[in-house]
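Structural characterization, general
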Amino acid sequence: MPEPKIRRKFKAVSVTIATATAGATTIRWDDVAGGSLEMGTVATAATSIQVWASDSESSAFGRLFNTDGSAADITLSASTTEARVYALPDACYGAGAIKLVAGQAAGTATTAIVTLKT
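All residue numbers here refer to positions counted from 1 along the written sequence of the relevant chain. Selection of residues for local features in this predicted model requires a pLDDT of at least 70, selection of side-chain atom pairs for listing and counting requires 80 or more, and totals for whole chains, interfaces and linings are taken over all residues. Computation of side-chain values: all heavy atoms of the structure, hydrogens and water removed.

We now examine unusual backbone geometry. Despite not being glycine, Asp31 shows a phi value in the positive range, around 60 degrees. Helix and strand definitions here come from DSSP, where helices need a minimum of 4 consecutive H or I residues and strands a minimum of 2 consecutive E residues; each element is numbered from the N-terminal end. Along the chain, the position of Asp31 falls in the loop between strand E2 (26-28) and strand E3 (34-42).

Definition used for salt bridges: Asp or Glu carboxyl oxygen within 4 Å of a side-chain nitrogen of Lys or Arg. Scanning the model with the defined rule gives four salt bridges in all. Close ionic contact of Arg28 with Glu57 constitutes a salt bridge, the shortest N to O distance being 3.5 Å. Here Arg28 is found in strand E2, whereas its partner Glu57 is found in the loop between strand E4 (48-54) and strand E5 (62-63), with 29 residues between them in sequence. Per-residue accessibility, obtained with a 1.4 Å probe over protein chains only, is compared with the maximum for each type, and a residue is labelled buried under 20%, exposed over 50%, and partly exposed between these values. When its relative accessible area of 45% is taken as the criterion, Arg28 is described as partly exposed. Each of Arg28, Asp30 and Glu57 takes part in a single network of salt bridges with overlapping partners.

When you line up the elements, Ile98 lands in strand E8 (residues 97-102). Classification of Ile98 as buried rests on a relative accessible area of 0%. The spatial distance from the C-alpha of Ile98 to the C-alpha of Trp52 is 5.5 Å, given a sequence separation of 46 residues. The contact criterion used throughout is that any non-hydrogen atoms of two residues lie within 4.5 Å. In contact with Ile98, not counting residues within four places along its chain, are Thr25, Thr26, Ile27, Trp29, Val51, Trp52, Ala53, Phe61, Leu88 and Cys92.

In this section: the packing of aromatic side chains. For this analysis, a ring pair means two rings from Phe, Tyr or Trp (six-membered ring only for Trp) whose centres lie within 6.5 Å, classed as stacked if their planes differ by under 30 degrees, edge-to-face if by over 60, and tilted for the remaining angles. In total, this model carries zero aromatic pairs according to the counting rule given. Geometrically, a lysine NZ or arginine CZ counts as sitting over a ring once it is within 6 Å of the ring centre and also within 35 degrees of the ring normal. Over the ring of Phe61 we find Lys99, and its NZ or CZ is 5.0 Å from the ring centre.

Shown next as structure tokens:
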């Protein structure tokens, strides 16, 4: 008897990363088990992406922190020649919605792709 295959669905979403939550794209996080952020090439001045979370798309967003009290940020690795893909933090799992906010002005109005896995 063949083993049953478990299939997970995913979708890719184009997002804007801004230096304030008001300009950042809201990403619904319900029914999502994890995801990744594809940034393309990254300038050396942009060093981090902050993750902000909320219980819903329409509620207030707050900075997301890990259980040890450290910020659940994504540290960027500079490359001007090849694309970079980063795992979204595990701390996102309990959120209803997230926003990705540039930690530095160099990341303002950057368009990226977020891949969501269910």
